[in-house]
Amino acid sequence: MRSLKLLFAALAAVVGVAAIAQHQVLPQPLGPNPPPARSGATVPTAAPTPAGHPQLDAADVNAWLDGFMPYAIASGDIAGAVVVVVKDGQILAEKGYGFADVASRRPVDPEGTLFRPGSVSKLFTWTAVMQLVEQGRLDLDADVNRYIDFKIPPKDGKPLTLRQLMTHTAGFEEQAKSIIGFDRAKVPTYDVLLKRWVPERVYTPGTTPAYSNYGASLAGYIVQRVSGEPFDAYVERHVFGPIGMTNSTTRQPLPARLQSMMSTGYDRASGKVVKYEYVGPSPAGSVAATGADMGKFMIAHLNEGAGLLKPETARMMHSTALTIIPGVNRMVLGFYETNLNGHRAIGHGGDTVAFHSDLRLFLDDHVGVFVSFNSPGREGAAHILRGALMEDFADRYFPAPEDKRRVPAAIAAEHARMMTGTWVNSRGSHSSFMNFTELLGQSKVSVDSKGRLVAPVWPGTNGQPRQWAEVQPFVWQDVNGHERLAAEVKDGKVTRFSEDVFSPFMVFYRPAWYKNSALVLPLMILSLIVLLLTVLLWPVRALVRRHYKTPLALDGSLKRAHLWSRIAATAILATMAGWFGLVLAMLGSLELLSTASDPFVYLLEALSFVAFIGGFLILAWNLWVTWKGKRRWPAKVWSIALFLAALVILWVGLAFHLLSFGANY
């Protein structure tokens, strides 16, 4: 029983981690990530105003931030944070909170402390791309192969374009290997990573958003190739330099003059230090910058690209939206929509292991907000707080009445029922063993006892599932927040859906029947139980026979089948345990998402061919011999159970690419 409990404990742990990985999509910092199920932070509530709403000026916003941030980071066990608010080309607030270094009690200085904004870095890469577009040196709709020295294969006869890269619709599967590490010597440079493995393009170009660090990194390489300047040098000269971002860099490691300015990263203020992070796909996430410099970048874009782009180029970048599912936020060119309270906004979020950031531009209001935390804090508090900060800011300065529209109850109940089932995130691994996380991380949408939609893919600020009300056909509003969820309907069936917070770059679709966790996961668990019982009872029964001096009443082929069936069950079970252990370890440590795991990957891949295929054949032979021979009914029934268990594991191995060979993922 203890072994059985251990198996279930390991399985439960893997399911939990993989579910997080599927929503964060493997331990992918560098992307806008959902929060964990609940947060350790307490989100302050701004005091209501007696009449109207507060004026967005320096005095009010500084006072509001001073009421929000200190308590928020303290309750969330976050070491430090920086917040910058700009309006009409001016800095309204430039605030540091907490510590840049806990041990030395060095405070966060918005002008002198560097933070790592993660995927917000992509905005500098996309700005560089648009500079070359307006110069006529790049074409957003041309085959990118004309700009690079290696080949990106077409998908469905369609070439890869920069527009697809900027809208995350190139169709790439996830690239997780070497995304972040803590030793420069062990993290390949971005151009080496690009050429080492081209992720498979799994979606028809332009049709399905799937967030891609590889795609942003490829865009950086194109900038380097076309400009004739190293990417880091290009950004320094043409992006940072013209707008006075003198304390910012994409270089890894940091230039000597900036090293003393770098904030230390932490898992939480009271916890461990996170060493300096080296980003593999560096154009996708390597920037280190002060809050003051990020303010300059926001001002430039809010002022129609002043110093960076021509006004018409900036307007094209900010407003060329790609609609995948109507009713929710969309990608524009590099930025994505973050509309709040009816105000047009664009932005980008970003995460490394330690740093968690968000940038929002309220375009028509000429207002920008940037926030970055140097630790995730207790239970991922920073994820909750950055969203709460942006929403509370909009509610305070750009309030809007609640959307009271409702679809008739009977129709809403039917639409909610049409949404039920199991769904897969479009961002994920497809061609490697990491596809196994898809089985363990699918999301289930259901209805409650009153027929209301329950879609727990992104919890509310309180960590609980959001309460959805249908405000338009197949468009739902969170009744306690700002999020919207919308679905795509074809031929009377819901085919895809997404939610505001990730709709620009990820959607959910229904899995193929043979990969549906509602079917496959229970069968896999049942099969593992059958195999485990077989393995555990094998020595137990041998010891019982030995104690009573009773020989095994089998001979010839029956005896051989009995022995080999137990060996096969052991091999299958051990190989599956190996995959669970390896995937769990890799999802728990970015250092293992690297060549350090390659020997274990190759070993398990080789064992999978032997154990899954060989074991299935042995247990098929055992079934035939058992039924042909003079065995009792319990043995015959168990031979069927073993055969079916082996068949299910073989099914899992084939469907989720455990039966593959290669260490790229």
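Caption draft 1: Region of the structure containing the sheet that holds strand β3 (residues 106-107). Pairing within the open sheet is antiparallel, and its 7 strands lie in the order β3-β2-β1-β14-β13-β12-β11. Two strands close off the open sheet at either side, each with one partner strand: β3 and β11 (336-337). Looking at chain direction, strand β1 (residues 80-87) and strand β2 (residues 90-101) are connected through 8 bridges and run antiparallel. Across the sheet, valine 84 pairs through a bridge with glutamate 94, a residue of β2. Contacts between helix α9 (residues 291-302) and the sheet are confined to β1, β2, β13 (356-362) and β14 (367-373), with β1 contributing the most and set at about 30° to the helix.

Caption draft 2: A look at the pattern of salt bridges. For the coordinates displayed, the defined rule picks out 26 salt bridges. Between arginine 427 and glutamate 174 there is a salt bridge whose closest N-O contact spans 2.6 Å. Highlighted residues: arginine 427 in the loop between β15 (421-425) and α13 (436-440) and glutamate 174 in the loop between α4 (162-166) and β5 (180-181), separated in sequence by 253 residues. For arginine 427, a relative accessible area of 1% gives the class buried. Notably, a salt bridge pairs arginine 386 with aspartate 351, separated by 3.1 Å at the nearest N-O pair.

Caption draft 3: Expanded view of the packing of helix α15 (residues 556-588) against helix α17 (residues 633-655). Running from N to C, α15 and α17 point in directions that differ by 35°, and their axes come no closer than 11 Å. α17 is crossed by α15, and the crossing has left-handed handedness. Where α15 abuts α17, its residues Arg566, Ala569, Ile572 and Met576 lie against Trp638, Leu642, Ala646 and Ile649.

Caption draft 4: Structural view of the confidence of the model for the protein. Across the protein, pLDDT averages 92, with 92% of residues at or above 70. Taken together, the stretch residues 1-27 has pLDDT below 50 and engages in 57 contacts with residues farther than four places along the chain or on a different chain. Low pLDDT (under 50) marks residues 43-50, which in the prediction has 15 contacts with non-local residues, meaning those over four places away or in another chain.

Caption draft 5: Up close: empty space enclosed by the protein. What the rule picks out here adds up to 5 cavities of 30 Å³ or more. As for the largest cavity, its lining consists of Leu322, Thr323, Ile324, Ile325, Val328, Asn329, Arg330, Met331, Ser498, Ser503, Pro504 and Val507. Among the residues forming the lining of the largest cavity, the class breakdown is 7 nonpolar, 4 polar and 1 charged.

Caption draft 6: Structural view of the packing of aromatic side chains. Summed over all chains, the structure comprises 30 aromatic pairs. Ring geometry for phenylalanine 433 and tyrosine 665: centres 5.2 Å apart, planes at 65°, overall edge-to-face. With phenylalanine 433 in the loop between β15 and α13 and tyrosine 665 in the segment after α17, this residue pair connects regions lying 232 residues apart in the sequence. The exposure classification of phenylalanine 433 matches that of tyrosine 665, with both residues buried. Ring-pair connections join several aromatic residues into one group, and the members of that group are Trp64, Phe68, Phe362, Phe393, Tyr397 and Phe398.

Caption draft 7: Structural context of the nonpolar core. Counting 76 residues, the largest nonpolar core has Val129, Leu162 and Leu165 as its most contacted members. Excluding its chain neighbours within four sequence positions, the residues that come into contact with leucine 165 are Trp126, Val144, Leu160, Ala170, Phe172, Gly215, Leu218 and Ala219. Counting residues in hydrophobic clusters, the runner-up holds 50 residues, among them Ala176, Val279, Ala646 and Leu658.

Conventions adopted
- Residues numbered from 1 in each chain as written.
- Predicted model: local features only at pLDDT ≥ 70, side-chain atom pairs only at ≥ 80, totals over all residues.
- Heavy atoms only, no water.
- Pairing = 2+ DSSP bridges.
- Helix = DSSP H or I, 4+ residues; strand = E, 2+ residues; numbered from the N terminus.
- Contact = heavy atoms within 4.5 Å.
- Axes fitted to C-alpha atoms, helices over the stretch in contact; angles between N-to-C directions.
- Salt bridge = Lys/Arg side-chain N within 4 Å of Asp/Glu carboxyl O.
- Buried < 20%, exposed > 50% of the residue type's maximum accessible area, 1.4 Å probe, protein only.
- Left-handed = near helix turned anticlockwise from the far one by under 90°.
- pLDDT = per-residue confidence, 0-100.
- 1 Å grid on protein atoms, 1.4 Å probe; cavity = no way out; pocket = protein on both sides within 12 Å on 5 of 7 lines; lining within 4 Å.
- Points joined across faces, edges and corners; volume = space filled by probe spheres on them.
- Nonpolar A, V, L, I, M, F, W, Y, C, P; charged D, E, K, R; others polar.
- Phe/Tyr/Trp six-rings, centres within 6.5 Å; stacked < 30°, edge-to-face > 60°.
- Core = buried A, V, L, I, M, F, W, Y, C linked by side-chain atoms within 4.5 Å.

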